[in-house]
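# Structural features, examined
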Amino acid sequence: MRKTFRNRGFLPGFGITMGYSIVYLSLLVLIPLSVLFLKASTMSWQQFADTILDGRVLASIRVSILSSFFAAIVNAVFGVLVAWVLARYQFVGKRIIDGIVDLPFALPTAVGGIALTSIYAENGWVGQYLAEWGIKVAYTPIGIWVALTFIGLPFVVRTVQPVLQDWDLQMEEAAATLGATRWSTFIRVILPHLMPAVITGFALAFARALGEYGSVVFISGNMPLKTEIVPLLIMTKLEQFDYAGATAIATVMLVISFVMLLVINYLQWRINKFDAAR
Amino acid sequence: MWKTPSAIQTFWKRFGIVAIAAAIGGCSQATTTGGESKPAETASVVELLNVSYDPTREFYQDVNKEFAAEWKEKTGQTVTIKQSHGGSGKQSRSVIDGLEADVVTLALAYDIDAIAERGLIPPEWQKKLTENSSPYTSTIVFLVRKGNPKQIKDWDDLIKPGVSVITPNPKTSGGARWNYLAAWGYALEKNNGDQAKAKEFVTSLFKNVPVLDSGARGSTTTFVERGIGDVLIAWENEAYLAVNELGKDKFEIVNPSLSILAEPPVTVVDKYVDKHKTRDVAEAYLQFLYSKKGQELAAKHYYRPRDKEVLKAHTPAFPEIKLFTIDELFGGWTKAQKDHFADQGIFDQIYKP
């Protein structure tokens, strides 16, 4: 092992950086997460199963996963659009729009949630017009989806944008000289190349949305079985000083997120292989 | 310069292992480092941390100023009091997890009981100060829109079809538990102690709730700013705050015929005052809340003072409402929590599919 390390090392300091990385990751990620598992393991399997299979918990898992999924899908489509506009066109105020994309990152999510609620409530700027059509956004699952779309947007834009910026225009020119329409150039040349970045952005937005609490509690209305998200149930367990119950739910969500990221990594690996084979 | 790079590598590898081991070791034992703290009695400057819940921020800002002045005069010592605010349950967890509060002033006894359960406070803490360790009280009232368009006068009006009621979620908000128990207590009294009838009443009340905010302030915002609901069930002090800050021309307060005596308790956290050597000043701080001055400040912030004279001076701001206590009707907080708000408790059954 040591030999391979030394042979491959162009840059000095592998030992330092590796040691640092491990300590850093351990302190910030691995140890806190393993404490989570330890805490959950104070329960018996029966207690664990009872906590997880409770109707309300299952309903909230469903709400969380579905709304996160749809939010990530919408972000994948419209994030690409935004990234495309930012990468391809010059226009007045481009830098400002570029900056706006990052706002959901920078803003405390509670602020975003309160702002969205005041806009989409029935007496809000947008909400009052939607109400005329009989569409309720705030305090319904649609509201949750809006909040999760909001916090997930930068993930797709920021992963796709650099790929588009580095994109070699000659490929499109070649496609055009071979008689491809603009649409088929996009579908058959550009999109496959973008896919890994889009999928990464999708996965990040999805995983982020699963854990989102701050913005959703304000807009969801928190009705049991209907608009309760998983993080809220974790909070209710903590409010009863039921640390084990809270960590049990958290553990399940952690496992779901992890499996999902693994699957997506696998998909990406397949796509890359496919791309390289062509 | 470095003749043997492998030696450095080994060093860092070892360093990494030591660091990880130290990190893991550090997790398993409580942090006991830190210099010997100077006894506060002799120091000229002393600091207290008051861990409280959300709506008391302005009240304690006033209290702290007055108390610091009084303490300086009495002892020559300068006391600065830091405040921490948040949901009552969350604040209690922070103290359990190591936030070194000298005093806690929370929304319900249950949250302090949880701290006592971890041994930071003796179990009989609530007997240490007079009046159940609650220097000021409040009650649950209704806030309605100006002119009271739905003619809401009492609890019975809240279960009428077509009336939309706003209250926070008792599962996440300590304050909301008082609201819920107030409704339950009313139904119990009205139906001669019939628990089944009370459950029916509260169930139909929550059928009229379109939004369950996670905290009391959130509910106030939903009602006041978003214009949702016909009535807000709120603490009396929150209701007054909403009316006075947000518009006397928009809202009015309705007092139900019967409500609950909300007793937000205070206590010294023995473990930390002993560690900080701040017991004297912390106890004096809580005693100050019972003094005439402290009671006046409580009244100013719409908490009902315990002091009869101060209370009298502020009537009719505090109209007389028939009040019951949680001990009378529910057998104390621990039992009420277990029966009503624990998982699979009565509140959960209300929302069973």
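This structure is a prediction, so every number in the text was calculated from the model and none was measured. (Residues numbered from 1 in each chain as written. Chains lettered and ligands numbered in written order. Predicted model: local features only at pLDDT ≥ 70, side-chain atom pairs only at ≥ 80, totals over all residues. Heavy atoms only, no water.)

Residues and elements named next belong to chain A. Tracing the backbone through its elements, the reader meets Val-57 in helix α4 (residues 55–88). Residue classification places Val-57 among the buried residues on the basis of a relative accessible area of 1%. The spatial distance from the C-alpha of Val-57 to the C-alpha of Leu-233 is 7.2 Å, given a sequence separation of 176 residues. Excluding its chain neighbours within four sequence positions, the residues that come into contact with Val-57 are Thr-51, Ile-52, Leu-233 and Ile-249. (Helix = DSSP H or I, 4+ residues; strand = E, 2+ residues; numbered from the N terminus. Buried < 20%, exposed > 50% of the residue type's maximum accessible area, 1.4 Å probe, protein only. Contact = heavy atoms within 4.5 Å.)

Using the residue numbers shown here, the UniProt feature "transmembrane region" (unreviewed entry) corresponds to residues 21–41, 61–87, 99–121, 133–157, 189–210 and 243–264 of chain A. Annotated as residues 61–87 of chain A, this span is 100% helix and 0% strand, and its ends, taken at the C-alpha atoms, are 37 Å apart. (UniProt positions renumbered as here; feature names shortened; annotations may be inferred.)

Residues and elements named next belong to chain B. Strand order in this open sheet of four strands is β2-β1-β3-β9, and the pairing throughout is mixed. Every interior strand has two partners, whereas the edge strands, β2 (78–84) and β9 (266–268), have only one. Across the sheet, the axes of successive neighbouring strands diverge by a mean angle of 20°, strand direction being ignored. Note: strand β1 (residues 45–52) against strand β3 (residues 103–105), three bridges, orientation parallel. (Pairing = 2+ DSSP bridges. Axes fitted to C-alpha atoms, helices over the stretch in contact; angles between N-to-C directions.)

Let us look at the packing of helix α9 (residues 169–177) of chain A against helix α10 (residues 182–210) of chain A. All names here are of chain A. Orientation of α9 relative to α10, taken along the N-to-C sense of each, is 135°, at an axis distance of 11 Å. Looking at the two axes, α9 sits oblique to α10. When the axes of α9 and α10 are compared, the crossing they make is right-handed. Of α10, the residues touching α9 (which contributes Met-171, Glu-172 and Ala-175) are Thr-185, Val-189 and Ile-190. Grouping the constituent residues of the contact of α9 with α10 by class yields four nonpolar, one polar and one charged. (Parallel < 35°, antiparallel > 145°, perpendicular 65-115°, else oblique. Left-handed = near helix turned anticlockwise from the far one by under 90°. Nonpolar A, V, L, I, M, F, W, Y, C, P; charged D, E, K, R; others polar.)

What follows concerns the pattern of salt bridges. With the rule as written, the count across this model stands at 32 salt bridges over all chains. With a shortest N-O distance of 2.5 Å, Arg-56 of chain A and Asp-348 of chain B are connected by a salt bridge. With Arg-56 of chain A in helix α4 and Asp-348 of chain B in helix α15 (residues 346–350), this pair bridges two chains. Connected through shared salt-bridge partners, Arg-56, Glu-228 and Lys-237 of chain A together with Lys-171, Asp-343 and Asp-348 of chain B make up one network. (Salt bridge = Lys/Arg side-chain N within 4 Å of Asp/Glu carboxyl O.)

A regular strand places its side chains on the two faces of the sheet in alternate fashion. Bridge analysis of β1 of chain B against β2 of chain B gives seven bridges, and the strand direction is parallel. Considered in β2 of chain B, the bridge of Leu-49 of chain B is made with Lys-82 of chain B.

Within helix α4 (residues 109–117) of chain B, seven of the nine residues are buried, which leaves it mostly tucked inside the rest of the structure. Where α4 of chain B is concerned, the buried positions are Ala-109, Tyr-110, Asp-111, Ile-112, Ala-114, Ile-115 and Ala-116 of chain B. Its buried side turned inward, α4 of chain B meets α12 (230–239) of chain A together with α3 (88–96), β3, α5 (174–190), β9 and α14 (333–341) of chain B. Downstream of α4 of chain B by one or two residues, Gly-119 of chain B has phi in the positive range, about 80°.

What follows deals with the side chain of Asn-50 of chain B. All names here are of chain B. Its location among the elements puts Asn-50 in strand β1. Separated by 2.9 Å, the side chains of Asn-50 and Thr-105 make a polar contact. For Asn-50, the contacting residues outside a window of four places in its chain are Tyr-60, Ile-81, Lys-82, Gln-83, Ser-84, Val-103, Val-104, Thr-105 and Tyr-285. (Polar contact = N/O pair within 3.5 Å; in protein donor to acceptor, adjacent residues only side chain to side chain.)

Residue and element names in this part refer to chain B. Considering all chains together, one arrives at four cavities of 30 Å³ or more under this definition. Space inside the largest cavity adds up to approximately 70 Å³. As for the largest cavity, its lining consists of Pro-168, Gly-175, Ala-176, Asn-179, Ala-216, Ser-219, Thr-220, Leu-232, Ile-233, Ala-234, Trp-235 and Glu-238. Broken down by secondary-structure element, the contributors of at least two residues to the lining of the largest cavity are α5, α7 (216–224) and β6 (231–235). Residues of the lining of the largest cavity, tallied by class, amount to seven nonpolar, four polar and one charged. (1 Å grid on protein atoms, 1.4 Å probe; cavity = no way out; pocket = protein on both sides within 12 Å on 5 of 7 lines; lining within 4 Å. Points joined across faces, edges and corners; volume = space filled by probe spheres on them.)

Where the parts come together, the accessible area they lose is often given as the size of the interface. Across the contact, 45 residues belong to chain B and 35 residues belong to chain A. Across the chain B to chain A interface the summed buried area is about 3200 Å²; carbon plus sulfur atoms make up 57%. Connecting chain B to chain A are four salt bridges. Among the ionic pairs, Arg-177 of chain B bridges to Glu-239 of chain A, the shortest N-O distance being 3.9 Å. In this structure, the connection of chain B to chain A is made through ten residue pairs in polar contact (both at pLDDT 80 or more). Mapped by element, the contributors of at least two residues to the side of chain B that touches chain A are α1 (5–28), α3, α4, α5 and α14 of chain B. (Buried area = accessible area lost by both parts, 1.4 Å probe.)

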